[in-house]
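Topology and contacts: notes
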Amino acid sequence: MSFMWNVVYVIIALVIVKISQWLWQWSNPNCQGSGKLPPGSMGFPIIGETFEFFRSSGLLEIPPFFQKRMLRYGPLFRTNILGSRTVISTDADVIYEIFRQENQSFVQSYPDIFVKVLGKDNVFFKKGDIHKHIKHATMHLIGSEGLKRKLIGFMNRTTREHFKLKASQGAFNLRHAASDMVVSYITPQMISNLEPETQEKLIDHFKAFNIEWFQSPFALSTWKTVYKVLRARKEALKIINEALNERKDSIEKQGDFLDTLLEEMKKEGSIFYPASIVSLLLNIGFVSRDSTSHATALTVNFISKHPRVLTELKREHEAIVQKRDDKEAGLTWEEYKNCMPFTRMVIYESLRLANLGTIIFRKAVKDVEVKGYTIPAGWIVAVAPSVVHYNSKIYENPLEFNPWRWEGKDLQSAGSKTLMVFGGGARQCIGSDLARLHLAIFLHHFVTYDFSVVQECEIYRVPFPFFTKDLLIKISPKSPS
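Residues numbered from 1 in each chain as written. Predicted model: local features only at pLDDT ≥ 70, side-chain atom pairs only at ≥ 80, totals over all residues. Heavy atoms only, no water.

Remarks on the overall build of the protein
- Assigned secondary structure in the protein consists of 17 helices and 13 strands.
- Per-residue burial over the protein gives 52% buried out of 481 residues.
- Accessible surface computed for the protein: about 22,600 Å², of which carbon and sulfur atoms make up 54%. (Helix = DSSP H or I, 4+ residues; strand = E, 2+ residues; numbered from the N terminus. Buried < 20%, exposed > 50% of the residue type's maximum accessible area, 1.4 Å probe, protein only. Areas by Shrake-Rupley, 256 points an atom, 1.4 Å probe, with all protein chains shown as cover.)

This is how it looks when you write it as structure tokens:
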């Protein structure tokens, strides 16, 4: 009997030793070579520090997850979030270098939950130079040439019609109104020959397919939202697939983006095939609507609290209208590029404070030396441009909405080392031109109305911005001076 107990004690001891060894290895990972990992903590086994990562914070503050670790470890630290060993950088120079080494030392990567929701065949998950080919193709729709040649007129008409309708309806949700505008002008440009009822269904699915599912994975409400998003994605894919199959069998050209992608698919060595075309159309409909509607609501929210900014915007756009022969005409490309410097300053300042891309994910494909530390191959690299945008060493009074801080600066490009609202490197957001033009056209029409705030919005980050209360406003035709 004593022998059996001795065996049991030995087994228990071995189990304890093995568990202790595993816990030690979890808490103290090592580089394979002689490199040194950035300082940090790996948190609890399996879940890591995911709970803290999803701790909510106010809109205009650096999330506590970053603040706490920056104070303790500096701007480069290691952790484990969402089941992945991760190095996080909040340093502008390091972030810039990571973006610069895109497709060399780092590749696009997302946590598994993104793959589940967006689909494993999603074109944005593909490695290599595929983003360059996608960007080339999308220039026909949402690049500067496509916007100038075709979309700007449709955006103007859609925006004007929506404002006229809203002026007669009383209080309305500005974020939802902006969302309606975007899907109303982008959907028919992507697929132009849908039946009205089918197009309306596709628009509804685009609006249901949003980023609100990316909250704490430990909350039941998150998984309910994920289910709704997956269902909307499934229905949207079904409609787009049917449209693609019909178009493939037709000799008639519609002159829309679907035609462009089908032509691209026929080219030798093309990266496009039916599933990737459907995926790209879904992504454009989803991303352009979700992020742009958030940015629009936040921009108006900032403006509503700064009368001086609103006065200067009105002055600039009234001057644009006064120079026209046709006072009812919409904003032209030349006016957008050459006659609205202050509007561009407002847009950049709003995007800087909004920080819609709070965190961006990449993965190291080989060991990379950074600031005396090693980022091991296979580790996720998460960069936090939002911390750069709120850095008082870069921006004076960084939490203050001050469009004049951009006066005299080049605002034609989508970003720089210290402004990364559209990401950076080879995979900078392909919708950056569309987002900036949308905001310019929206403000151009918006300032022709008087408006009042019925309900101020309340926003928090987890880590992306989420509205607990939406911005409700009323608009009316401007009173005669």
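So, the pairing of strand β2 (residues 76-81)
- Of all the six residues making up β2, six are buried; the element is thus mostly covered by neighbouring parts of the structure.
- Neither face of β2 is exposed, since L76, R78 and N80 on one face and F77, T79 and I81 on the opposite face are all buried.
- Note: β2 against strand β3 (residues 84-89), six bridges, orientation antiparallel. Its bridge partner lying in β3, T79 is registered against T86.
- Between the antiparallel neighbours β2 and β3 lie two residues, among them L82 with a positive phi of about 55°. (Pairing = 2+ DSSP bridges.)

Some details on helix α17 (residues 432-446)
- Here α17 spans 21 Å end to end across 15 residues, near enough to the 21 Å set by a 1.5 Å rise per residue.
- The buried fraction of α17 is high, at 14 of 15 residues. (Expected span 1.5 Å × (residues − 1).)

Re the environment of K409
- With respect to the element layout, K409 can be found in the loop between α16 (385-389) and α17.
- On the basis of relative accessibility, which here comes to 47%, the residue K409 falls in the partly exposed class.
- Considered as a pair, K409 and M345 are 64 residues apart in the sequence and their alpha carbons are 9.1 Å apart.

Points about the UniProt feature "binding site: heme" (unreviewed entry) in the protein
- Look at the UniProt record and you will see "binding site: heme" (unreviewed entry) annotated at C429.
- Tracing the sequence through the fold places C429 in the loop between α16 and α17.
- Given the relative accessible area of 28%, C429 is considered partly exposed. (UniProt positions renumbered as here; feature names shortened; annotations may be inferred.)

Focus on the side chain of S57
- Locating S57 in the fold gives a position in strand β1 (residues 57-58).
- Accessibility expressed as a relative area gives 6% for S57, which makes it buried.
- With near-sequence residues (within four places) excluded, S57 lies in contact with P63, P64, Y460 and R461. (Contact = heavy atoms within 4.5 Å.)

Some words on the pattern of salt bridges
- Per the counting criterion, the structure on display carries 22 salt bridges.
- Where E349 meets R352, a salt bridge forms, and the shortest distance between an N and an O atom there is 2.9 Å. Remark: R352 and E349 occur in helix α15 (residues 341-354); sequence separation between them is three residues, near one turn of the helix.
- For E349, a relative accessible area of 0% gives the class buried.
- Taking the relative accessible area as the measure of exposure, R352 reaches 0% and is therefore buried.
- The salt bridge partner of E349 is R405, with a shortest N-O separation of 3.0 Å. One end of the pair, E349, is in helix α15; the other, R405, is in the loop between α16 and α17, with 56 residues separating them in the sequence.
- What you see here is one network of salt bridges that share partners, running through E49, E52, K68 and R69. (Salt bridge = Lys/Arg side-chain N within 4 Å of Asp/Glu carboxyl O.)

Brief notes about the sheet that holds β1
- Strand order in the open sheet formed by three strands is β1-β11-β12, and the pairing between neighbours is antiparallel. The open sheet is flanked by β1 and β12 (465-469), the only strands paired with a single partner.
- Pairing of β1 with strand β11 (residues 458-461) involves two bridges; the strand directions are antiparallel. From the neighbouring strand, G58 faces β11, where its bridge partner is Y460.

Some details on the pairing of strand β13 (residues 472-477)
- Across two bridges, the pairing between strand β5 (residues 172-173) and β13 is antiparallel. Note on β13: the bridge partner recorded for N173 is L472.
- When strand β10 (residues 449-455) meets β13, the two strands line up antiparallel, connected through six bridges. Along β13, the bridge assignment pairs V453 with I473.

Quick look at the sheet that holds β5
- The strand order across the open sheet built from three strands is β5-β13-β10, with neighbouring strands paired in antiparallel fashion. The open sheet has two edge strands, β5 and β10, and neither has a second partner.

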